[in-house]
Amino acid sequence: LCPGHLTGDFAVVIFDKRAGRILAARDHQGVEPLYWGSSHCGEMLLLSSDRRVLEATCPDVDAFPSGTLFRSKRGEVTG
């Protein structure tokens, strides 16, 4: 998955159960909302298209950066 090769407005989160990883990506313009934060104890990464859902659980919520790809297995954000 490479956001640079995709066109249009998108925010996508894919959970690969077999590999035990998450891929998340957002379009370059940031049209579609995607937010992320960590749980109060910091052991879980949470993602949502609705900021209010995360604000009830996460002490800090940020907009997922436009035009980026997150790979949980590697812990890297590229864009």
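Below, the structure is looked at part by part. Since this is a predicted model, take the numbers as computed values, not measurements.

Next up on the list: the pattern of salt bridges. Overall, the coordinates contain three salt bridges when judged by the stated rule. When the shortest N-O distance is used, the salt bridge between Arg21 and Asp16 registers 3.9 Å. Arg21 gets classed as partly exposed once you look at its relative accessible area, which sits at 34%. Residue Arg52 is joined to Asp50 by a salt bridge in which the shortest nitrogen-to-oxygen separation is 3.2 Å. Given the relative accessible area of 64%, Arg52 is considered exposed.

Tracing the backbone through its elements, the reader meets Trp36 in strand β3 (residues 35–38). Residue Trp36 is classed as buried on the basis of its relative accessible area, which comes to 17%. As for Trp36 and Pro65, which are separated by 29 residues in sequence, their C-alpha atoms are 9.6 Å apart.

Pairing analysis gives four bridges linking β3 to strand β4 (residues 45–48), with the strands arranged antiparallel. Bridge pairing in β4 places Trp36 opposite Leu47. Joining the antiparallel neighbours β3 and β4 is a turn of six residues, in which Gly42 adopts a positive phi near 80 degrees. The pairing of β3 with strand β5 (residues 61–63) spans three bridges and is antiparallel. Along β5, the bridge assignment pairs Gly37 with Val61.

So, how was this worked out
- Residues numbered from 1 in each chain as written.
- Predicted model: local features only at pLDDT ≥ 70, side-chain atom pairs only at ≥ 80, totals over all residues.
- Heavy atoms only, no water.
- Salt bridge = Lys/Arg side-chain N within 4 Å of Asp/Glu carboxyl O.
- Buried < 20%, exposed > 50% of the residue type's maximum accessible area, 1.4 Å probe, protein only.
- Helix = DSSP H or I, 4+ residues; strand = E, 2+ residues; numbered from the N terminus.
- Pairing = 2+ DSSP bridges.

Shape is all these values report; function is a separate question.
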